[in-house]
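Reading the structure
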Amino acid sequence: MSHSPAAAPATPAPPTTVQLMELFALASTAYFQDFTAVAANQGLTSVQAKLLSQLRLPLSMRELAERLVCDASNITGIVDRLEARGLVRREMRPDDRRVKNVVRTDAGTDAIMRVRDEMQATHQALAGLGDADRIALADLLQRLRASLDQRA
């Protein structure tokens, strides 16, 4: 009986751009389902929570509308409701007093941090990654974000 050398395992073909986009969309959808459910438990709509998450720095109403891809008139109502709950406040922009910035309050920061802390499905999925995978994922996401930000 002759023994032939074992064939080396075939290296899988790299995924196409469309396949990567599909995987990214599926992961993003699962993330936002978790985000939306937890936001609702905190008494926030998904759009209110998204707005809070965007306010790492003060932003104008126009900037918020661009980031959330919605009409500026919708942002006014969202900000009004968040302001009534003490989660954001409006401030004059120092360099142009005609423009008002929306600023996240400490209570708003606490609210969005509670949302992130309670996203158990996402926490569990990420906890299943080893250190090397976490480092690689963080690097890839940072590079992807930088590339997408340049095009925006």
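Look a little higher up for the structure.
In short, a report on the structure. Since the model is a prediction, treat every value here as computed from it, not as a measurement.

1. Quick notes on a nonpolar patch on the surface
On the surface, a cluster of nonpolar side chains totalling about 500 Å² of accessible area is made up of Phe24, Leu126, Leu137, Leu141, Leu144 and Leu148. Counting residues per element, the nonpolar patch draws most heavily on helix 7 (residues 131–151), at four residues. Here Leu148 shows up in helix 7.

2. Regarding the packing of aromatic side chains
For any pair of aromatic rings, geometry is given as the distance between the ring centres together with the angle between the planes. In the structure shown here, the tally under the stated rule is three aromatic pairs. On the basis of an interplanar angle of 85 degrees and a centroid distance of 5.0 Å, the ring pair of Tyr31 and Phe32 is categorised as edge-to-face. For Phe32, a relative accessible area of 37% gives the class partly exposed. A centroid spacing of 5.9 Å and a plane angle of 80 degrees characterise the contact between Phe32 and Phe35, whose relative ring orientation is edge-to-face. Of this pair, Phe32 and Phe35 both sit in helix 1 (residues 17–41), separated by three residues, roughly a single helical turn. If you follow Lys50 out to its NZ or CZ, it ends over the ring of Phe32, 5.1 Å from the centre.

3. Topic: the packing of helix 2 (residues 46–54) against helix 4 (residues 72–84)
Interaxial distance between helix 2 and helix 4 falls to 10 Å at its minimum, and their mutual angle equals 85 degrees. By the angle between their axes, helix 2 is roughly perpendicular relative to helix 4. Residues Val47, Gln48, Leu51 and Leu52 of helix 2 form the contact with helix 4, whose participating residues are Ile75, Ile78, Val79, Arg81 and Leu82. Counted by class, the contact of helix 2 with helix 4 contains seven nonpolar, one polar and one charged residues.

4. Observations concerning unusual backbone geometry
The backbone phi angle of Val69 is positive, close to 50 degrees, even though this residue is not glycine. Mapping Val69 onto the fold places it in the loop between helix 3 (61–68) and helix 4. Accessibility expressed as a relative area gives 73% for Val69, which makes it exposed.

5. Considering the pattern of salt bridges
With the rule as written, the count across this model stands at eight salt bridges. The closest approach of N and O atoms between Glu83 and Arg90, which form a salt bridge, is 2.3 Å. Its salt-bridge partner being Asp149, residue Arg145 comes within 3.4 Å of it at the nearest N-O pair. Of this pair, Arg145 and Asp149 both sit in helix 7, separated by four residues, roughly a single helical turn. Given the relative accessible area of 48%, Asp149 is considered partly exposed. Sharing partners across several salt bridges, the network here consists of Glu63, Arg93 and Asp95.

6. Notes on helix 2
Listing the buried residues of helix 2 in full gives Gln48, Ala49, Leu51, Leu52 and Ser53. Considering only its buried residues, helix 2 is in contact with helix 1, helix 3, helix 4, strand 2 (88–93), strand 3 (96–104) and helix 5 (106–117).

7. With respect to the sheet that holds strand 3
Adjacent strands of a sheet form backbone hydrogen bonds with each other and so pair up, either parallel or antiparallel. Pairing is antiparallel in the open sheet, where three strands are placed in the order 1-3-2. Whereas interior strands pair on both sides, the edge strands pair on one side only; in this sheet they are strand 1 (59–60) and strand 2. Alignment of strand 2 against strand 3, held across six bridges, turns out to be antiparallel. Counterpart to Arg90 in the pairing with strand 3 is Val102. Sheet contacts for helix 4: strand 2 and strand 3; angle to strand 2, the most-contacted strand, approximately 120 degrees.

Basis of the calculations
- Residues numbered from 1 in each chain as written.
- Predicted model: local features only at pLDDT ≥ 70, side-chain atom pairs only at ≥ 80, totals over all residues.
- Heavy atoms only, no water.
- Patch = residues over 30% accessible without salt bridge, like charges linked within 9 Å, V, L, I, M, F, W, Y side chains within 5 Å.
- Areas by Shrake-Rupley, 256 points an atom, 1.4 Å probe, with all protein chains shown as cover.
- Salt bridge = Lys/Arg side-chain N within 4 Å of Asp/Glu carboxyl O.
- Helix = DSSP H or I, 4+ residues; strand = E, 2+ residues; numbered from the N terminus.
- Phe/Tyr/Trp six-rings, centres within 6.5 Å; stacked < 30°, edge-to-face > 60°.
- Buried < 20%, exposed > 50% of the residue type's maximum accessible area, 1.4 Å probe, protein only.
- Lys NZ or Arg CZ within 6 Å of the ring centre and 35° of its normal.
- Axes fitted to C-alpha atoms, helices over the stretch in contact; angles between N-to-C directions.
- Parallel < 35°, antiparallel > 145°, perpendicular 65-115°, else oblique.
- Contact = heavy atoms within 4.5 Å.
- Nonpolar A, V, L, I, M, F, W, Y, C, P; charged D, E, K, R; others polar.
- Pairing = 2+ DSSP bridges.

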